[in-house]
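One letter stands for each residue in the lines below.
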Amino acid sequence: MSTGLDALPGLLDCMHCGLCLQACPTYTETSSETDSPRGRLFLMRAVAEDRLAVADAMPALNRCVQCRACEPACPSKVPYSSILHEHMEIHASGSGQMSRWLGSSSRMKFAGRALRFGRRSGLLKVAASLPNKRLRRAVGMVPMSPKIFRPKAGAEFVAIGEQRGVVALHLGCVEAELFGQNIQDSIAALTAEGFKVVCPPQLGCCGAAAAHDGDSKVGHQSGKQTLKQLQGCDAIIVPAAGCAAFMGSLDNNAAVMDPMIFLARAGMRSKLNPVKRQVVYATPCHRQNVIGDAPEMRTAMLAIPGLELLESQESEMCCGAGGSAFLREPELTDAIGQRKAKFLQETGAKQVVSGNPGCAMQLEAKLRERNAKLEIVHPISLLRESLGV
């Protein structure tokens, strides 16, 4: 395996113009060049040219939350994410923690049960008072009311009325174990609109978490296997934006979609009831910077009568969850999250809308620390409420 510049295509395309700086949440927080995409590309080039030891570059690279906001901001279209993942793969710099836990269905389910019990029993509250920063950060991210909903492999949910099509539902890891309501709301809205929902046997994790953690090989293997397990339907419905972006990047021909986006494109056949409420949309980075359908999601939400979509300051800035970044860099990601929560709270909205479990956990935790009474909801939950099902 080559470890030089030829192993990192696109690295030399960076013109050092600096247009990525203001889009980067870590640079915005610290104003440090090594916390910028430009600085990290420089470090990876230095490693590839044997001018810098890998160990000296890794602290800065590990601080990246992998939001990919730098990519649409870059006039040279430098593929920052693929360069970073390739660098980590070459130098085996991923921790492997995500692969070990989320790659195993039994471990993932055990972790889900433990976290739900810990939240109900108050054990997580005790753990949050301990001095270990990473432990406090991890337990603080667990939702206050976690809910599991994992249909049995092969489960089918029939369409109501005339059937318009069949979709495969991706359950995911964190989504099903802690945000089961989103799975239930997706099924309810899809079946109400005439789509049969099937839940084929599937891996516990699509591989996105492993890839974020620096294990691209395992991540891509899991992602491709997941896509193979879900193929054969009109669309693959993925409620988690990060998972949808990752799976979609592995096969451009796969119809991987958020349930809200899918129904908006299919056309709603039911009359929507008013949902008179002010909400603020915290756009998941992968929907904004990778999938690119954030404007379409906003349009879909605005189709709900009575719903008022407020705008926050720095609305497109990352919340700091960043896959496993919140565990690697608790202080930095906490500061980024606090900044995001402050701007969301200042809108005066009643709810924060987010279609990604990592973002939802981060935002709930940071808003809770600010004593803000804002509920985090998935877009599909608003649609289900409007449908009255």
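Heads up: the structure comes first, above all this text.
Read on for an overview of the structure. All values derive from a computational prediction rather than experimental measurement.

Overview of the sheet that holds strand β2 (residues 165–169)
Backbone-to-backbone hydrogen bonds join strands into a sheet, with any given pair of strands oriented parallel or antiparallel. Taken in spatial order, the 5 strands of this open sheet run β1-β3-β2-β4-β5, and their pairing is mixed. The outermost strands of the open sheet, each flanked by one partner alone, are β1 (155–157) and β5 (256–257). Summarising the sheet, β1 and strand β3 (residues 195–199) pair through 3 bridges and their orientation is antiparallel. Pairing of E156 across the sheet is with V198, part of β3.

Points about the packing of helix α9 (residues 133–140) against helix α19 (residues 330–346)
Helix-helix packing: each pair is described by the crossing angle between the helix axes and the interaxial distance. Remark: α9 packs on α19, axes separated minimally by 10 Å, with the N-to-C direction vectors making an angle of 40 degrees. The orientation of α9 relative to α19 falls into the category oblique. Across the interface between the two elements, K133, R134 and R137 of α9 pack against P330, E331, T333 and D334 of α19. Here the contact of α9 with α19 is composed, by residue class, of 1 nonpolar, 1 polar and 5 charged.

What about the packing of aromatic side chains?
Overall, the coordinates contain 1 aromatic pair when judged by the stated rule. Taking the centre distance of 4.9 Å and the plane angle of 70 degrees together, the rings of F195 and F262 count as edge-to-face. Of this pair, F195 sits in strand β3 while F262 is found in helix α15 (residues 259–266), placing the two residues 67 residues apart along the sequence. Here F195 matches F262 in class, with each residue buried.

Observations concerning the nonpolar core
Counting residues in hydrophobic clusters, the biggest one holds 35 residues, and the most contacted among them are V167, L169, L190, F262, L263 and M301. Among residues more than four places away in sequence, those in contact with M301 are M260, Y281, L307, L309, V353 and P379. Within the second largest apolar cluster, 26 residues are counted, among which are C20, L41, V47 and C64.

A few points about the pairing of β2
Burial analysis of β2 places 4 of its 5 residues in the buried class, which makes it a mostly covered element. Pairing between β2 and β3: 4 bridges, direction parallel. The residue of β3 that forms the bridge with V167 is V197. Bridge analysis of β2 against strand β4 (residues 235–237) gives 3 bridges, and the strand direction is parallel. Within β4, the position partnered with L169 by the bridge is I237.

Things to note about the pattern of salt bridges
Overall, the coordinates contain 23 salt bridges when judged by the stated rule. Two residues, E177 and R150, come together in a salt bridge whose shortest N-O distance is 3.1 Å. With E177 in helix α10 (residues 174–178) and R150 in the loop between α9 and β1, this pair connects stretches of sequence that are 27 residues apart. Through salt bridges with shared partners, one network takes in D35, R40, R63 and E329.

Looking at the sheet that holds strand β8 (residues 351–353)
The parallel open sheet is built from 4 strands, whose spatial order is β7-β6-β8-β9. Here the strands that pair on one side only, and so sit at the sheet edges, are β7 (307–310) and β9 (375–377). Across the sheet, the mean angle separating the axes of adjacent strands is 35 degrees when strand polarity is ignored. Taken strand by strand, helix α20 (residues 357–369) contacts β8 and β9, and its axis lies near 170 degrees from that of β9.

Brief notes about the environment of G242
Of note, G242 is situated in helix α14 (residues 241–250). Residues G242 and G322, 80 residues apart in the sequence, show an inter-C-alpha distance of 9.7 Å. The contacts of G242, once residues within four sequence positions are left out, are A208, H286 and N356.

Some words on the side chain of H85
Checked against the element boundaries, H85 lands in helix α5 (residues 80–90). Dropping the residues within four chain positions of it, H85 is found in contact with Q66, A211, H212 and S216.

Digging into helix α7 (residues 105–121)
When the terminal C-alpha atoms of α7 are compared, their 24 Å separation across 17 residues agrees well with the 24 Å that a helix rising 1.5 Å per residue should span. Of the positions making up α7, those classed as buried are M108, G112, R116, G118 and R119. Buried positions in α7, seen along its axis, are confined to an arc of 160 degrees and lie on one side of it. Positioned one or two residues after α7, G122 has a phi angle of 95 degrees, which is positive.

Remarks on the environment of E375
If you trace the backbone, E375 turns up in strand β9. Spatially, the C-alpha atoms of E375 and V218 are 35 Å apart, while their sequence positions differ by 157 residues. If near-sequence neighbours (up to four positions away) are discounted, E375 is found in contact with K350, Q351 and V352. Polar contacts involving the side chain of E375 include one to the side chain of Q351, which spans 2.9 Å.

Considering the side chain of T333
Relative to the assigned elements, T333 resides in helix α19. Within the structure, T333 has its side chain in polar contact with the backbone oxygen of P330 (distance 3.4 Å). Each residue touching T333, except ones within four places of it in the same chain, is listed here: V65, R137, C319, G320, A325, F326 and Q362.

Let's talk about α9
Buried within α9 we find R137, V139 and G140. Those residues of α9 hidden inside the fold are in contact with α7, α8 (123–127), α18 (325–328), α19 and α20. Two or three places before R134, at the start of α9, stands the capping residue N132, its side-chain oxygen 3.0 Å from that residue's backbone nitrogen.

What counts as what
Residues numbered from 1 in each chain as written. Predicted model: local features only at pLDDT ≥ 70, side-chain atom pairs only at ≥ 80, totals over all residues. Heavy atoms only, no water. Pairing = 2+ DSSP bridges. Helix = DSSP H or I, 4+ residues; strand = E, 2+ residues; numbered from the N terminus. Axes fitted to C-alpha atoms, helices over the stretch in contact; angles between N-to-C directions. Parallel < 35°, antiparallel > 145°, perpendicular 65-115°, else oblique. Contact = heavy atoms within 4.5 Å. Nonpolar A, V, L, I, M, F, W, Y, C, P; charged D, E, K, R; others polar. Phe/Tyr/Trp six-rings, centres within 6.5 Å; stacked < 30°, edge-to-face > 60°. Buried < 20%, exposed > 50% of the residue type's maximum accessible area, 1.4 Å probe, protein only. Core = buried A, V, L, I, M, F, W, Y, C linked by side-chain atoms within 4.5 Å. Salt bridge = Lys/Arg side-chain N within 4 Å of Asp/Glu carboxyl O. Expected span 1.5 Å × (residues − 1). Arc of directions from axis to C-beta. Polar contact = N/O pair within 3.5 Å; in protein donor to acceptor, adjacent residues only side chain to side chain.

Any functional reading would require information that these geometric values do not contain.
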